[in-house]
Amino acid sequence: MSVYSPKRTAPRMIEAAVVSDNHQLKFEKLRLSAPRRNEVGVRIVACGICHTDISFFSPGAVLGHEGAGIVEQIGSAVTTVKPGDHVVLSFQSCGQCDACSAHRPADCEHFSTLNFGFSRLDGSSAYPPGISGHFFGQSSFASYALVTEQNLVKVGKSLPLATLAPLGCGLQTGAGTVMNTLKVKKSDRLLVIGTGAVGMAAVMAAKIAGAKEIIALDQHQHRRDLALELGATEAMKTGKERSLRETLDYVIDTAGVSALDKLGQDALKDGGTMVRLTGTGGATLSRGRKILSVIQGDSVAQAFIPKMITLWQAGQFPFDRLLHFYDFQDIRQAIDDAACGKVMKAVLRWPAQA
Ligand SMILES: [Zn+2]
Ligand SMILES: [Zn+2]
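Each value, and the rule that gives it
- Residues numbered from 1 in each chain as written.
- Chains lettered and ligands numbered in written order.
- Predicted model: local features only at pLDDT ≥ 70, side-chain atom pairs only at ≥ 80, totals over all residues.
- Heavy atoms only, no water.
- Donors = N, O, S within 2.8 Å, 3.2 Å for Na, K, Ca; no water.
- Helix = DSSP H or I, 4+ residues; strand = E, 2+ residues; numbered from the N terminus.
- Buried < 20%, exposed > 50% of the residue type's maximum accessible area, 1.4 Å probe, protein only.
- Phe/Tyr/Trp six-rings, centres within 6.5 Å; stacked < 30°, edge-to-face > 60°.
- Domains from an automatic or database assignment.
- Contact = heavy atoms within 4.5 Å.
- Buried area = accessible area lost by both parts, 1.4 Å probe.
- Salt bridge = Lys/Arg side-chain N within 4 Å of Asp/Glu carboxyl O.
- Polar contact = N/O pair within 3.5 Å; in protein donor to acceptor, adjacent residues only side chain to side chain.
- Nonpolar A, V, L, I, M, F, W, Y, C, P; charged D, E, K, R; others polar.
- Pairing = 2+ DSSP bridges.
- Axes fitted to C-alpha atoms, helices over the stretch in contact; angles between N-to-C directions.
- Arc of directions from axis to C-beta.

Before going further, it helps to spend a moment on the coordination of the zinc ion (ligand 2). Looking at the zinc ion (ligand 2), the protein donor atoms are Cys-50 (SG), His-65 (NE2) and Cys-169 (SG), and they sit 2.1 to 2.2 Å from it. Read N to C, the donor residues that coordinate the zinc ion (ligand 2) are spaced as C-x14-H-x103-C. Highlighted residues: Cys-50 in the loop between strand 3 (39-48) and helix 1 (51-55) and His-65 in the loop between helix 1 and strand 4 (67-74), separated in sequence by 15 residues. For the pair shown, Cys-50 and His-65 are each scored as buried.

What follows is about the packing of aromatic side chains. The full count for this structure, using the stated rule, is 12 aromatic pairs. Judged by centre distance (5.0 Å) and plane angle (80°), the rings of Phe-135 and Phe-136 are edge-to-face. Like Phe-135, the residue Phe-136 is buried in the burial classification. With centroids separated by 4.3 Å and ring planes inclined at 15°, the aromatic side chains of Phe-328 and Trp-350 adopt a geometry described as stacked. Here the residue Phe-328 occupies a position in the loop between strand 14 (323-327) and helix 10 (331-339), and Trp-350 occupies one in the segment after strand 15 (345-349), the gap between them amounting to 22 residues. Note on Trp-350: relative accessible area 14%, which makes it buried. Members of the aromatic cluster, joined through ring pairs, are Phe-56, Phe-91, Phe-111, Phe-116, Phe-118, Phe-135 and Phe-136.

Our focus in this paragraph is the domain arrangement of the protein. Its domain assignment divides the protein into domain 1 (12-168 + 318-349) and domain 2 (173-295). Of note, the centres of domain 1 and domain 2, computed from C-alpha atoms alone, are 28 Å apart. Contact with domain 1, which involves 10 residues of that partner, is made by 11 residues of domain 2. Summing both sides of the interface, domain 1 and domain 2 together bury roughly 920 Å²; the carbon and sulfur share of this comes to 69%. Broken down residue by residue, the surface that domain 1 buries against domain 2 is led by Arg-321, Leu-322 and Met-344, which jointly contribute 55%. Here domain 1 and domain 2 share one salt bridge between them. Arg-321 is the salt-bridge partner of Glu-229, the closest N and O atoms lying 2.7 Å from each other. Linking domain 1 to domain 2 there are two residue pairs in polar contact (both at pLDDT 80 or more). Residue composition of the side of domain 1 that touches domain 2, by class: seven nonpolar, one polar and two charged.

The six strands lie next to each other as 10-9-8-11-12-13, forming an open sheet whose pairing is parallel. Edge positions in the sheet fall to strand 10 (234-237) and strand 13 (290-293), since each has one partner strand and no second. Ignoring which end each strand starts from, the neighbouring axes of this sheet average 20° apart. Pairing between strand 11 (residues 248-253) and strand 12 (residues 268-276): five bridges, direction parallel. Opposite Asp-253, over in strand 12, you have Arg-276 as the bridge partner. Of the strands in this sheet, strand 8 (189-193), strand 9 (213-218) and strand 11 touch helix 6 (residues 197-209), which is tilted by about 165° from strand 8. Together, strand 9 and strand 10 form the strand contacts of helix 7 (residues 221-230), whose direction differs from that of strand 10 by roughly 165°.

To continue, consider helix 8 (residues 258-267). Those residues of helix 8 lying buried are Leu-260, Asp-261, Gly-264, Gln-265 and Ala-267. The buried residues of helix 8 occupy one face: seen down the axis, they fall within an arc of 165°. Residues of helix 8 that are exposed and point more than 90 degrees away from the buried face comprise Ser-258 and Ala-259. In this structure, the buried residues of helix 8 make contact with strand 8, strand 9, strand 11, strand 12 and strand 13.

Right under this line is the structure:
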């Protein structure tokens, strides 16, 4: 007879949204291996949709990297969470390389393998053959995910997990760029190009920092209006920009449109910095101007997500206004709405369990 132990682990049958050959999504029941000694099994309650999910659509993939849920199983070496704990999931890092040891997990030397490699670091997979899981170390478009202590953040049990889910990537990236990377100050003037969820998080964070000028640039009227409500001091319509030549300390580009990128470069004053959150690289400019490529707002999720939650509770970071909730079964609709910009941040929810 076996004695119950909270550290006893077993394989699970899970339900996951798998990308099919014709690029649709089909819910499938899959067998997921038991957590390894350093892994944590999390029942997913909700998951945000981010544009990175859309760009990794390939047959067999289980995407989703803004998960939130409840710990159900832990491996024998796990010490920081126990079954029943509520967690928000974020990007994966190895926890051991030089960058991780220096508390810079967004620069982890294994970032690409662990987040986009669809396997564990050693190349193995907990998913059946033909299924690409472990996306961002979570693959949270599913009822259950295997994560590690590096990409989970414990949160209070009274907090709404579905609201917190999108803090793990997009919102962290926008707010972290302002607060962690650029350390925006009161005297600063900045331009945010594109006010989807990432850009809007940057606007809200710049307001918290007290920036002197926060200019939002977007093609959509409703986004410009919301940016003004959430802290922008000015909102400009794409194509109708006033001259910003050499006036700004910072430009944050979330759009990745080359004409706007050029506009951003020209708007920088001497020594100013442009951050591209679009995955495109950059070169050094003249007059001491710099272009940075920033990952995840240089955030340590375990510190930055609680910080964003505290700011939200204080009414200073009202990111909940960007969210639209969908049932997990309506994932196709949610992705379509997110892709065309109809909603700013779609969040999928599993039906509440008794
Ligand atoms: Zn690392
Ligand atoms: Zn993302």
